[in-house]
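Coordinate analysis (summary)
If you want the building blocks of each chain, they are given just below.
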Protein chains: 2
Amino acid sequence: MELEFITWLRERTGRQPHLPLGLGDDAAILQLAEQNDLVLTSDLLTEDVHFRLTQCTPQQVGYKALAVNLSDLAAMAARPITALVSIALPRQLAPQLAREIYEGLLSLASQFNVTLAGGDTNCWEGPLVINVALVGQTTSRGPLTRGGAQPGDQLLVTGELGGSLAGRHASFTPRVREALLLHECYTLSAGIDLSDGLALDASRMARESGCGMALEMTAIPISTEARQMARQQPARSPLERALSDGEDFELLLAVPPDQADRLLADQPLKIPLVRIGQCVEQAGLWQRNPDGSLAALSPRGYEH
Amino acid sequence: MELEFITWLRERTGRQPHLPLGLGDDAAILQLAEQNDLVLTSDLLTEDVHFRLTQCTPQQVGYKALAVNLSDLAAMAARPITALVSIALPRQLAPQLAREIYEGLLSLASQFNVTLAGGDTNCWEGPLVINVALVGQTTSRGPLTRGGAQPGDQLLVTGELGGSLAGRHASFTPRVREALLLHECYTLSAGIDLSDGLALDASRMARESGCGMALEMTAIPISTEARQMARQQPARSPLERALSDGEDFELLLAVPPDQADRLLADQPLKIPLVRIGQCVEQAGLWQRNPDGSLAALSPRGYEH
């Protein structure tokens, strides 16, 4: 299968900028146009953990495998460049499954000007596994990190949270353009993408920044899907879903107060950007009570 | 598991050059010391295809996962820099299995000055899967590729071939240092690492170079293991094993005749370097008969 498949991939991808050698050698050569630092990330998706082939099309699996990596680069406010893709295919479904996965992946790649540097396609007796490693570069503003939040910073979030399992987890738009625009035009202290739920990811940003995060429950934007799912399964409220369903892949940003005021007034994105809390001195994750006091909040994110 | 595991990995790796952010953010920042082109590769190893946990230790699995990628960079005569590691662990064996895999991987990484940029460690109900994506750089001599061989070039191979399944497939030394030395001191036309067997990999080099490869059967260096295995399983001769067992991870080089003469006389490596044939005009893979004529040779490599 390998030669025929590489031939198909070569035709499908065509000539790619910055990759003079094309696909099929032992490794790819990448010629960088700029000299900024590289940004590297890698995510492995496994069947029945990150997706189910009974609920997602193979195209969606390929889409998601790249999208979660693009979301990681968005969290760093980095510009994506090129991807390496590795797939282990259930033997009876190859090679058709591989082509469909690549169709979904490459459609997203073209939206973000990401080239395909290469990869590794194998068959085995196990379930479907796909790994994407993504290479990007920082802009001249340097990287955004998890560790820069300071007490007093405002916490802002893009989009709406919860209920991603209704379908958004495999069709979301990674917030790359949004992160680049915000990082370019405003001063941001810290950023993280919400992969495992607002509560858990906010607690991670708090830990890396050495401060605390106080969330205002009434300000958290709850998605329509989270409300619908809560009606069908009342054991978990819409708010709980927004806090801990995970796989929202929205951005959580810590922003100095003056910049946050300007940002919230400008609303420069095509998606909502709302204030959901504040960074505080006290380490840990908190909810702010109506009287202004803080109560501990459990980082109940979805951990794979 | 994730936080505790990242804490362990951070302690295990310590401060790493060129990675100012350390492990644990959404992505790694890599500061390059030089401005040569990047070289990127990625390989996915799956249980019971690339290794068996009944025959390999977890340390060997981690070692092999990095080593196969180092071998790809050796084939390009590139200098390895940093690795991204993704692991899907059988749930009942984690996290102990993850640590043992990393011990093997990091011991090899330190031998080749490869840092750990990050990765992704998950549990699932499936078998063990490990992906390594490796980032390197070309030297000032540029990359060595599969496509540069020309009729008249001599074919040289490092080491001895066949029988890797006796153990060498998970403990081989990737020929990074050898490739860098040869590429620096001699003019090489093309190179490939022997991952799927001399016959198949030679036919790949032939195809990418647009010429043919004529092998001299009596010159092919056969390993002790290949001879032992052929005694135990006489259905396949030592030569057949050297041609097609695969996973030798030695280098096959096409070298202009004058350079080949100098190289063979110098023997600049600590391992043998022998001439096994020649590039010819006629496309395809050939064996040279005693009378000098060519007979077609099947590219009977081991295709995963």
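Use the structure listed above.
As a starting point, this report considers the structure included with it. (Residues numbered from 1 in each chain as written. Chains lettered and ligands numbered in written order. Predicted model: local features only at pLDDT ≥ 70, side-chain atom pairs only at ≥ 80, totals over all residues. Heavy atoms only, no water.)

**Re the interface of chain B and chain A**
On the chain A side, the residues contacting the 59 residues of chain B number 59 residues. Taking both partners together, chain B and chain A bury about 4,600 Å²; carbon and sulfur atoms supply 57% of that area. Considering only the side of chain B, the residues that lose the most area to chain A are Asp26, Leu40 and Trp124 of chain B, jointly responsible for 16% of the buried surface there. Taken together, the connections running from chain B to chain A amount to 6 salt bridges. When the shortest N-O distance is used, the salt bridge between Glu208 of chain B and Arg10 of chain A registers 3.2 Å. (Contact = heavy atoms within 4.5 Å. Buried area = accessible area lost by both parts, 1.4 Å probe. Salt bridge = Lys/Arg side-chain N within 4 Å of Asp/Glu carboxyl O.)

**A short note on the sheet that holds strand S10 (residues 273-280) of chain A**
Remark on secondary structure: sheet strands pair via backbone hydrogen bonds, oriented parallel or antiparallel. All names here are of chain A. Strand order in this open sheet of 7 strands is S7-S9-S6-S10-S8-S11-S12, and the pairing throughout is mixed. The open sheet has two free edges, formed respectively by strand S7 (190-193) and strand S12 (294-296), since each of these has just one partner strand. For this sheet, the mean inter-axis angle between neighbouring strands, taken without regard to orientation, is 30°. Pairing of strand S8 (residues 212-215) with strand S11 (residues 284-288), which is carried by 4 bridges, proceeds in the parallel orientation. The residue of S11 that forms the bridge with Leu215 is Gln287. (Pairing = 2+ DSSP bridges. Helix = DSSP H or I, 4+ residues; strand = E, 2+ residues; numbered from the N terminus. Axes fitted to C-alpha atoms, helices over the stretch in contact; angles between N-to-C directions.)

**Overview of the sheet that holds strand S2 (residues 38-46) of chain B**
In space, the 5 strands of this open sheet follow the order S1(A)-S2(B)-S5(B)-S3(B)-S4(B), with mixed pairing throughout. In the strand order of this sheet, the two ends are held by strand S1 (28-30) of chain A together with strand S4 (115-124) of chain B, each with one partner. Geometrically, the sheet is characterised by an average inter-axis angle of 20° between neighbouring strands, direction not taken into account. Pairing analysis gives 9 bridges linking S2 of chain B to strand S5 (residues 129-138) of chain B, with the strands arranged antiparallel. Paired with Leu44 of chain B across the strands is Asn131 of chain B, a residue of S5 of chain B.

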